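Observations on the three-dimensional arrangement
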Amino acid sequence: MSDFSNFRAVYNELTDAVTSAKYQFFKDHLENFHHNIDDTPRAHRVVSDLEKRVDFPTWYAECKETIGSMVGSGTLAWPKDKTDRLAMHVALLRALGNGELDMYDFCAAFLYHG
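Note that this is a predicted model, so its numbers are computed, not measured.

**Topic: the overall build of the protein chain**
A tally of helices and strands in the protein chain yields 6 helices and 0 strands. Reading the protein chain from its N end, one meets helices and strands in the order α-α-α-α-α-α. Classification of the 114 residues of the protein chain by burial places 32% in the buried group. By sequence separation, contacts in the protein chain at least 24 residues apart represent 65% of the contacts at least 6 residues apart. For the protein chain, the exposed surface amounts to about 7800 Å²; the carbon and sulfur share of it is 55%.

**Here's the deal with the confidence of the model for the protein chain**
Averaged over every residue, the pLDDT of the protein chain is 90; residues scoring 70 or more account for 94%. In the model of the protein chain, helix α1 (residues 7-19) stands out as the element of lowest mean pLDDT, 86, in contrast to helix α4 (residues 56-64), which has the highest, 97.

**A look at the packing of helix α2 (residues 23-38) against helix α5 (residues 82-97)**
It is at 8 Å that the axes of α2 and α5 come closest, and there the two elements cross at 120 degrees. Relative to α5, the element α2 is oriented oblique. When you trace α2 past α5, the crossing you get is left-handed. Residues Lys-27, Leu-30, Glu-31, His-34 and Asp-38 of α2 form the contact with α5, whose participating residues are Leu-93, Arg-94, Leu-96 and Gly-97. Per-class residue counts for the contact of α2 with α5 are 3 nonpolar, 2 polar and 4 charged.

**Here's the deal with the pattern of salt bridges**
This structure, assessed with the given rule, holds 5 salt bridges. Notably, a salt bridge pairs Arg-94 with Asp-38, separated by 2.8 Å at the nearest N-O pair. Within this pair, whereas Arg-94 is found in helix α5, its partner Asp-38 is found in helix α2, the two being separated by 56 residues in sequence. In this structure Arg-94 comes out as buried when scored by relative accessible area, which is 17%. A relative accessible area of 31% places Asp-38 in the partly exposed class.

Rules used in this analysis
Residues numbered from 1 in each chain as written. Predicted model: local features only at pLDDT ≥ 70, side-chain atom pairs only at ≥ 80, totals over all residues. Heavy atoms only, no water. Helix = DSSP H or I, 4+ residues; strand = E, 2+ residues; numbered from the N terminus. Buried < 20%, exposed > 50% of the residue type's maximum accessible area, 1.4 Å probe, protein only. Contact = heavy atoms within 4.5 Å. Areas by Shrake-Rupley, 256 points an atom, 1.4 Å probe, with all protein chains shown as cover. pLDDT = per-residue confidence, 0-100. Axes fitted to C-alpha atoms, helices over the stretch in contact; angles between N-to-C directions. Parallel < 35°, antiparallel > 145°, perpendicular 65-115°, else oblique. Left-handed = near helix turned anticlockwise from the far one by under 90°. Nonpolar A, V, L, I, M, F, W, Y, C, P; charged D, E, K, R; others polar. Salt bridge = Lys/Arg side-chain N within 4 Å of Asp/Glu carboxyl O.

Laid out in C-alpha cells, this is it:
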C-alpha cells in the first residue's frame, strides 16, 4: 500500500484543525500539519522542492523593513511567479510552525483588523 493512501484524509483533517485553531493552539496544529507532510515521503519531496525555490530569510527581512509605527503596517511583497509565491507561502507557514517566527509578532507587524 502506498504511503500516500491515507494522506489526503489526514491532510484535510489537519488543515481543518489549523484553520479553525484558536491562536493559543495555532502553532501546535501547524506543527502537526507539517509532521504529516514530512512523514509522507511523496508529499515531503514536493514541499521540500518548493521550499528550496525561495530564500525565505532574505524575503522576510525585506518585508520587515516595511513595518511602520502602526500595527499591521508592514507589507508582504509576494513573488510574482505563481510557483515561487506558493513556495513562499509554504516557507512562511513552516517558519510559523517551527517557531522561527512568532505568530503574535507576525500578526502585529503585517495584519490589521479595523
